[in-house]
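Structural features, examined
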Amino acid sequence: MLTEIILNDKVTNENIRVQVIRSGRKSLGLEVRPDGTVLARIPARLSDRELKAFIEQQQDWILKKVDQVKKRADARTKIKVPSVDALSDAEIQKIKDKIADRVKYYCAVMQVTVGRITIRNQKTRWGSCSSAGNVNFNYQLYYLPDELLDYVVVHELAHRRHMNHSKEFWSEVARYCPDYRARRKQLKEYQLAN
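Note that this is a predicted model, so its numbers are computed, not measured. (Residues numbered from 1 in each chain as written. Predicted model: local features only at pLDDT ≥ 70, side-chain atom pairs only at ≥ 80, totals over all residues. Heavy atoms only, no water.)

Focus: the pairing of strand β2 (residues 14-23)
Rules: Any two strands are treated as partners once DSSP identifies two or more bridges connecting them. Per the convention used, a helix needs a DSSP run of H or I reaching at least four residues, while a strand needs a run of E reaching at least two, with both numbered from the N terminus.
Across six bridges, the pairing between strand β1 (residues 4-9) and β2 is antiparallel. From the neighbouring strand, N8 faces β2, where its bridge partner is N15. In textbook terms, the turn of a hairpin is the stretch between consecutive antiparallel strands, and for β1 and β2 this stretch comprises four residues, one of which, N13, has a positive phi near 60°. Here β2 pairs with strand β4 (residues 38-43) via six bridges, running parallel. Bridge assignment links R22 to a residue of β4, and that residue is I42.

This is the structure we're talking about:
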């Protein structure tokens, strides 16, 4: 069973890897992530022949999306941050304290609770919230404007009430960050440093 398929972009002569994820799902789906990773989510019983036919049928869409992601990434500002390895213990503590303070402040304002607050060096995310209520934040948020840090904190804490991106979730975000659309757009202009 195939775990990946390689496509060749004849225009750029680049090979594009499509990672295959098999599961109990019934439908076939494609995703091009912000980092350019291409995922094919397919039913576990789909044959390799059917998979190849699906990818071939969707090749133009995949190549177009990958190109769009690359152009967007090229246009974004890469934030200048020191690597985690270059940070002193005092600097790491300063980053943790600032982000944790914003989380505590908004927990009180939004009347939500969280489990653990973890600061990480995530490759593709600014933040995340688990169903257990643990929140994770990328250390690079420390180097962004404060209003963007606050937006990410509000976004993740809104997941304490709505573990999805429904209309109700965005209403919750808007309650505490009325200009969230502008902040979200501004955040997309920044690219995580790797």
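Section: the sheet that holds strand β8 (residues 135-138)
Selection rule: To obtain an axis, a line is fitted to C-alpha atoms, over the contacting stretch when the element is a helix, and the angle between two such axes runs from 0 to 180 degrees between their N-to-C directions. In what follows, residue pairs with any heavy atoms lying within 4.5 Å of each other are defined as contacts.
Across the sheet, three strands lie side by side as β6-β8-β7; this open sheet has mixed pairing. In this open sheet, the two strands that pair with only one neighbour each are β6 (117-120) and β7 (127-129). Strand-to-strand twist of the sheet, defined as the mean angle between neighbouring strand axes without regard to direction, takes the value 15°. Judged from the three bridges that link them, β7 and β8 form a sheet pairing that is antiparallel. Considered in β8, the bridge of S128 is made with N136. Against the sheet, helix α2 (residues 89-110) touches β6 and β8, its axis set at about 140° to β6.

Some remarks on the sheet that holds β2
Taken together, four strands build an open sheet; the order of strands is β1-β2-β4-β3 and the sheet is mixed. Of all strands in the sheet, those bounded by a partner on one side alone are β1 and β3 (29-32). Adjacent strand axes in the sheet meet at a mean angle of 25° when their direction is disregarded.

Description of the packing of α2 against helix α3 (residues 146-158)
To keep it simple, the criterion reads: When an angle is under 35 degrees it counts as roughly parallel; over 145 it counts as roughly antiparallel; between 65 and 115 it counts as roughly perpendicular; any other value is oblique. Left-handed describes a crossing whose near helix is turned anticlockwise from the far helix by less than a right angle; the clockwise case is right-handed. All residues other than Ala, Val, Leu, Ile, Met, Phe, Trp, Tyr, Cys, Pro, Asp, Glu, Lys and Arg, Gly among them, are scored as polar; the first ten of these are nonpolar and the last four charged.
Between α2 and α3, the shortest axis-to-axis distance is 10 Å and the interhelical angle comes to 55°. When the interaxial angle is binned, α2 and α3 end up oblique. As α2 packs across α3, the resulting crossing turns out to be right-handed. Side by side, α2 and α3 meet where K98, I99, R102, V103, Y106, C107 and M110 of the first sit next to D146, L149, D150, V153, V154, L157 and A158 of the second. Considered class by class, the residues forming the contact of α2 with α3 number 10 nonpolar, no polar and four charged.

Remarks on a positive patch on the surface
Using the following cut-off: Residues form patches when they are more than 30% accessible in relative terms and have no salt bridge. Like charges link within 9 Å. Nonpolar side chains (Val, Leu, Ile, Met, Phe, Trp, Tyr) link within 5 Å. Here the open area of atoms and residues is found with the Shrake-Rupley method and a 1.4 Å probe, where only the protein chains shown may cover a residue. Salt bridges, as used here, are contacts in which a Lys or Arg side-chain nitrogen is within 4 Å of a carboxyl oxygen on Asp or Glu. Charge counting treats Lys and Arg as positive and Asp and Glu as negative, with His and both chain ends excluded. To locate a charge, take atom NZ for lysine, CZ for arginine, CG for aspartate or CD for glutamate.
Among the surface-exposed residues, K64, K65, R72, R181, R184 and K188 lie close enough to one another that they form a single positively charged patch. Within the residue set of the positive patch, elements represented by two or more residues are α1 (48-75) and α5 (180-188). Take K65: it is sitting in helix α1.

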